[in-house]
Amino acid sequence: MSASGGTKAIVAALVANLSIAVAKFVAFLFSGSSSMLAESVHSLADSGNQGLLLLGGKKAKREATPQHPFGYGRERYIYAFLVSIVLFSVGGMFAVYEGYEKIKHPHEITAWYWPVGVLIFAIIAEIFSFRTAIKESNQTRGDRSWTEFVRRSKAPELPVVLLEDLGALVGLILALGAVGLALATGNGVWDGIGTLCIGILLIVIAIILAAETKSLLLGESAGLEEVEKIKAAVVDGDTVTGIIHMRTLHLGPEELLVAAKIAVQHDDTAVEIANAINAAENRIREAVPIARVIYLEPDIFNAEAAAAGTNPGKTPGAPAPQDPGAPGGPKDLGH
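Summary of the structure given here. Quick caveat, the model's predicted, so the values are computed rather than measured.

Rules behind the numbers
- Residues numbered from 1 in each chain as written.
- Predicted model: local features only at pLDDT ≥ 70, side-chain atom pairs only at ≥ 80, totals over all residues.
- Heavy atoms only, no water.
- Helix = DSSP H or I, 4+ residues; strand = E, 2+ residues; numbered from the N terminus.
- Buried < 20%, exposed > 50% of the residue type's maximum accessible area, 1.4 Å probe, protein only.
- Contact = heavy atoms within 4.5 Å.
- Areas by Shrake-Rupley, 256 points an atom, 1.4 Å probe, with all protein chains shown as cover.
- Pairing = 2+ DSSP bridges.
- Axes fitted to C-alpha atoms, helices over the stretch in contact; angles between N-to-C directions.
- Salt bridge = Lys/Arg side-chain N within 4 Å of Asp/Glu carboxyl O.
- Core = buried A, V, L, I, M, F, W, Y, C linked by side-chain atoms within 4.5 Å.
- Polar contact = N/O pair within 3.5 Å; in protein donor to acceptor, adjacent residues only side chain to side chain.
- Patch = residues over 30% accessible without salt bridge, like charges linked within 9 Å, V, L, I, M, F, W, Y side chains within 5 Å.
- 1 Å grid on protein atoms, 1.4 Å probe; cavity = no way out; pocket = protein on both sides within 12 Å on 5 of 7 lines; lining within 4 Å.
- Points joined across faces, edges and corners; volume = space filled by probe spheres on them.
- Nonpolar A, V, L, I, M, F, W, Y, C, P; charged D, E, K, R; others polar.
- Lys, Arg positive; Asp, Glu negative; His and termini not counted.
- Parallel < 35°, antiparallel > 145°, perpendicular 65-115°, else oblique.

**Some remarks on the overall build of the protein**
Reasoning step 1: Each helix and strand counted, the protein has 11 helices and three strands in total.
Reasoning step 2: When the elements of the protein are put in sequence order from the N terminus, they spell out α-α-α-α-α-α-α-α-β-β-α-β-α-α.
Reasoning step 3: Buried positions account for 46% of the 335 residues belonging to the protein.
Reasoning step 4: For the protein, long-range pairs separated by at least 24 residues make up 74% of all intrachain contacts whose partners lie at least 6 apart in sequence.
Reasoning step 5: Surface exposure of the protein reaches about 16,000 Å², of which carbon and sulfur atoms provide 64%.

**Quick look at the sheet that holds strand S2 (residues 255-264)**
Two modes of strand pairing occur in sheets, parallel and antiparallel, and in both the strands are linked by backbone hydrogen bonds.
Reasoning step 1: If you trace the three strands from one edge of the open sheet to the other, you get S1-S2-S3, paired in mixed fashion. The outermost strands of the open sheet, each flanked by one partner alone, are strand S1 (240-252) and strand S3 (291-300). Each adjacent strand pair in this sheet contributes to an overall mean axis angle of 15°, direction not counted.
Reasoning step 2: Taken together, the 10 bridges between S1 and S2 define a ladder with antiparallel strand orientation. For Gly242, the partnering residue across the bridge sits in S2 and is Ala263.

**With respect to the pattern of salt bridges**
Reasoning step 1: With the rule as written, the count across this model stands at 10 salt bridges.
Reasoning step 2: The shortest N-O distance in the salt bridge between Arg76 and Glu157 comes to 2.7 Å. Taken together, the residues Arg76 in helix H3 (residues 75-104) and Glu157 in helix H6 (residues 157-185) connect sequence positions 81 residues apart.
Reasoning step 3: Here Lys229 and Glu225 are joined by a salt bridge, their closest N and O atoms 3.7 Å apart. Remark: Glu225 and Lys229 occur in helix H8 (residues 224-234); sequence separation between them is four residues, near one turn of the helix.
Reasoning step 4: The exposure class of Glu225 is exposed, given its relative accessible area of 58%.
Reasoning step 5: Sharing partners across several salt bridges, the network here consists of Arg76, Glu157 and Glu254.

**What to know about the nonpolar core**
Reasoning step 1: Residues Leu53, Leu87, Leu119, Val160, Val161 and Leu209 are the most contacted members of the largest nonpolar core, which totals 39 residues.
Reasoning step 2: At the level of secondary structure, the elements contributing two or more residues to this core comprise helix H1 (3-31), helix H2 (34-59), H3, helix H4 (113-141), helix H5 (146-152), H6 and helix H7 (189-218).
Reasoning step 3: It is H6 that contributes the most residues to this core, 10 residues altogether.
Reasoning step 4: Ignoring any residue separated from it by four or fewer positions in sequence, one finds Leu119 in contact with Met36, Leu172, Ala175, Leu176 and Val179.

**Structural notes on the environment of Ser215**
Reasoning step 1: As for its position among the elements, Ser215 is in helix H7.
Reasoning step 2: For Ser215, a relative accessible area of 28% puts it in the partly exposed group.
Reasoning step 3: Along the primary structure Ser215 and Arg152 are separated by 63 residues, whereas in three dimensions their C-alpha atoms are 10.0 Å apart.
Reasoning step 4: In terms of polar contacts, Ser215 uses its side chain to reach the side chain of Glu220, at 2.4 Å.

**Quick look at a nonpolar patch on the surface**
Reasoning step 1: Where nonpolar side chains cluster on the molecular surface, the patch consists of Phe25, Leu29, Phe30, Trp112, Tyr113, Trp114 and Leu183 and spans about 750 Å² of accessible area.
Reasoning step 2: Going through the elements one at a time, H1 and H4 are the ones with two or more residues in the nonpolar patch.
Reasoning step 3: Note on placement: Phe30 falls in helix H1.
Reasoning step 4: According to the relative accessible area criterion, Phe30 is partly exposed, its value standing at 46%.

**A look at empty space enclosed by the protein**
Vacant regions in the atomic arrangement are exposed by a probe of water-molecule size rolled over the atoms.
Reasoning step 1: Scanning the entire structure with this criterion turns up one cavity of 30 Å³ or more.
Reasoning step 2: Empty space within the largest cavity amounts to approximately 90 Å³.
Reasoning step 3: In this structure, the largest cavity is lined by 13 residues; those nearest its centre are Val150, Pro159, Glu212, Thr213 and Leu216.
Reasoning step 4: Breaking the lining of the largest cavity down by element, the ones donating at least two residues are H5, H6 and H7.
Reasoning step 5: Per element, the largest residue contribution to the lining of the largest cavity is five residues, and it comes from H7.
Reasoning step 6: Considered class by class, the residues forming the lining of the largest cavity number eight nonpolar, two polar and three charged.

**Some thoughts on the side chain of Glu98**
Reasoning step 1: Structurally, the position occupied by Glu98 is in helix H3.
Reasoning step 2: Within the buried set, Glu98 has no salt-bridge partner at all; the shortest N-O distance to an opposite charge, 6.8 Å, is to Lys102.
Reasoning step 3: Every residue in contact with Glu98, bar those within four places of it in the chain, is listed here: Ser34, Leu37 and Thr195.

**Describing the packing of H2 against H6**
Reasoning step 1: Relative orientation of the contacting elements H2 and H6 amounts to 170°, with a least axis distance of 10 Å. The angle between the axes of H2 and H6 places the two elements in the roughly antiparallel class. Between H2 and H6, the contacting residues are Ser35, Glu39, His42, Asp46, Asn49, Gln50 and Leu53 on the first element and Glu157, Val160, Val161, Glu164, Gly167, Ala168, Gly171, Leu172, Ala175, Ala178 and Val179 on the second.
Reasoning step 2: Within the contact of H2 with H6, the residues separate by chemical class into eight nonpolar, six polar and four charged.

So, in structure tokens, the structure goes:
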């Protein structure tokens, strides 16, 4: 995802949500509909969330420092995680509480034309925002399904905006249905039920966002397609004959760390190996431009050592403490 594409979708959502929040709150004041109050808080929370995403994008652009040598790319993940917390607490929990209170103490909706008119306006505005997010997402989604895009995207902004806009549209439909039923039956309990449903919807979306951004915060590897490109770029068939083991890690949505132990011939000179490593790094960056931090360690290939290095739970190539001669250890590789 390009940063500009994400920013465009965020700004579109921010403008839509701010205007909708004001309109919904005015409708609540005139009608007393709890669904409208829940929806106005929902839109206000969404506006704050878009502000957080913009702030995270700005902070992530800071230059690396001695204290943070790999830069601040993960700021975008942190602020996306904060969005899920805001959506859960401010949006979801408030709506659940308001719906519960309205079911216990229902009251008639007055000035029905205010909530109905505002909800129709809000649906139109959210469709515009949702359409913008879909259009920007399609530029990087490729042939992936929408579920795969949300789950596998390394840039959090578009998935967050997509889920927020989807939740907003469904919530508006629920609110319109609840207000309609309350008006048709004269029973304000329907308004409270609609508010409760909106709260549950927001909580579900917040949990999905939290789970996905948590995975990004922990550190995700490159996608399978990128990994294959890197593997193909490393080996030149001459000096670099293979990859013993390799790790990739996203330092941010658009910055990838690549660390690999590469196999070289035992009689290669230091100059030949150094030149081969430099050439391999250039090929990696050409194949995967976001691979900006690359560490390649040359070693003599050993099948047992390569097998020992495939376990992410241990240091690649390191011996077990109780067996210094284990496959992958110093004795085995001649370190």
